[in-house]
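# Notes for the structure review
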Amino acid sequence: MSDQTRDLPFGIDFGGSGIKGAPVDLGTGDFAAERVRIKTPKPSTPEAVAGVFAELLASFDDSTGSVGVTVPAVVRHGVVSSAANIDASWIGTDADALFTKATGRDVHVVNDADAAGLAEVRYGAAMGRGGLVIVTTLGTGIGSAILYDGVLVPNSELGHLEIDGHDAESRAANSARTREDLSWQHWAKRLTKYYRTLEMLFSPDLFVVGGGVSKEADHFLPLLDISTEIIPAELRNKAGVVGAALYASEGGG
Ligand code: BGC
């Protein structure tokens, strides 16, 4: 690792199947070295995951910069306080403290969708866009990031809005599409209902749609019947790592 790379912030994306990390060049919003991926341990308790973070960081032996970590949960000042799609033992964990101790690095934990939102507004689809931007990630759950003039309002959790008596993500996440084998048309109807509800509540200027399925945006975004501009995310599977590093570079929350 070169002298310039050593001090760069490091991003870790903690997902259901893999834990990915790389140092990030904040000038370009890209990885400064090849990304490393390690399988997510099962069960993915905070302690088990902390061990993987230490292993991952050890493969970048000279890296010393601060570390940002995404978690698919509410995170307030480093403490995790929800666990919709992760092991229940995360609730109440001071993840900043646990990971800082396990890795010997300065670690800052951030909600996964908030990290994606920060990355998209700084380097991606929402770059240079003022006003109210809502970034949603469609995956196992629905994550959300609210940004006003580029400033994040953290932990919005709009995937858990109750719509027609259902937790919205249980009907409209990408996991619902695959689980129920929905056609793009059928899924688009559910997404229309979801995004119309967000329109009614927030009157945003722009929606950005992330998550793995955003690479198939052509199949479903044109089918949505809403008034607000809606565009696919651009950072794809780099958004978590880049957004986490960005978050850490700003000293966390
Ligand atoms: C969680 C959010 C997370 C989203 C996407 C939801 O179930 O409550 O915190 O951002 O899934 O992973």
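Before reading further, recall that the structure is shown in the block above.
This write-up is about the structure you can find in this document. All chains use their own residue numbering, which begins from 1 and follows the written sequence. Reporting of local features is limited, given that this is a predicted model, to residues whose pLDDT is at least 70; pairs of side-chain atoms are given and counted only at 80 or more, and all residues count toward the totals for whole chains, interfaces and linings. For side-chain calculations, the full set of non-hydrogen atoms in the structure is used, while hydrogens and water are omitted.

### Focus on the packing of aromatic side chains
Classification of ring pairs uses Phe, Tyr and Trp, with its six-membered ring standing for Trp, and accepts pairs whose centres are within 6.5 Å; under 30 degrees between planes counts as stacked, over 60 as edge-to-face, and the remaining range as tilted. The tally for this structure, following the rule as stated, stands at nine aromatic pairs. Ring centres of tyrosine 194 and tyrosine 195 lie 5.3 Å apart, and the angle between their planes is 70°; this geometry places the pair in the edge-to-face category. An identical accessibility class is assigned to tyrosine 194 and tyrosine 195; each is buried. Counting every residue linked through ring pairs, the aromatic cluster contains Phe14, Phe53, Trp90 and Phe99. Any residue under 20% of the maximum accessible area for its type is buried, any over 50% is exposed, and the rest in between are partly exposed; the area is computed with a 1.4 Å probe on protein chains only.

### Let's talk about the site of the ligand
Contacts to the ligand come from Pro72, Ala73, Ala84, Asn85, Asn111, Asp112, Ile142, Gly143, Glu157, His160 and Glu169. The term polar contact refers here to a pair of N or O atoms within 3.5 Å; inside protein, the definition further demands a hydrogen-donor-capable atom paired with an acceptor-capable atom, and it admits residues adjacent in sequence only when both atoms are side-chain atoms. In this structure, alanine 73 approaches the ligand through a main-chain N or O atom, which is 3.3 Å from an oxygen atom. Protein contact buries 94% of the 310 Å² of open area that the ligand shows by itself. Each residue is tested against the molecule or strand, and it is near if at least one of its non-hydrogen atoms lies within 4 Å. Surface exposure here means Shrake-Rupley accessible area, sampled with a 1.4 Å probe, where a residue is shielded only by the protein chains that are shown.

### Let's talk about the nonpolar core
Burial of nonpolar side chains together is a common tendency in soluble globular proteins. Residues Val133, Leu147, Val208 and Val242 are the most contacted members of the largest nonpolar core, which totals 28 residues. The secondary structure listing takes helices from DSSP runs of H or I that are at least 4 residues long and strands from runs of E that are at least 2 residues long, numbered from the N terminus. Elements supplying a minimum of two residues to this core: β2 (18–25), α4 (112–123), β9 (132–138), β10 (142–148), β14 (206–210) and α9 (239–249). Here this core takes seven residues from α9, the largest share from any one element. Only heavy atoms enter the contact rule, under which two residues are in contact if any of them lie within 4.5 Å. Those residues in contact with valine 242 that lie beyond four places of it in its chain are Val24, Gly29, Phe31, Ala119, Tyr123 and Leu235. As used here, the term nonpolar core means buried Ala, Val, Leu, Ile, Met, Phe, Trp, Tyr and Cys residues forming a set that is joined through side-chain atoms within 4.5 Å. Core analysis: the second largest hydrophobic core is formed by 27 residues, Leu132, Tyr194, Ala217 and Ile230 among them.

### Overview of the pairing of β10
Judged by how many residues are buried, β10 sits mostly within the fold: six of seven residues are covered. By this definition, two strands are paired if DSSP reports at least two bridges between them. Judged from the seven bridges that link them, β9 and β10 form a sheet pairing that is antiparallel. Residue threonine 137 lies in a different strand from β10, and its bridge partner there is glycine 143. Linkage of β9 to β10, two consecutive antiparallel strands, is achieved through a turn of three residues.

Shape descriptors only; they carry no functional weight alone.
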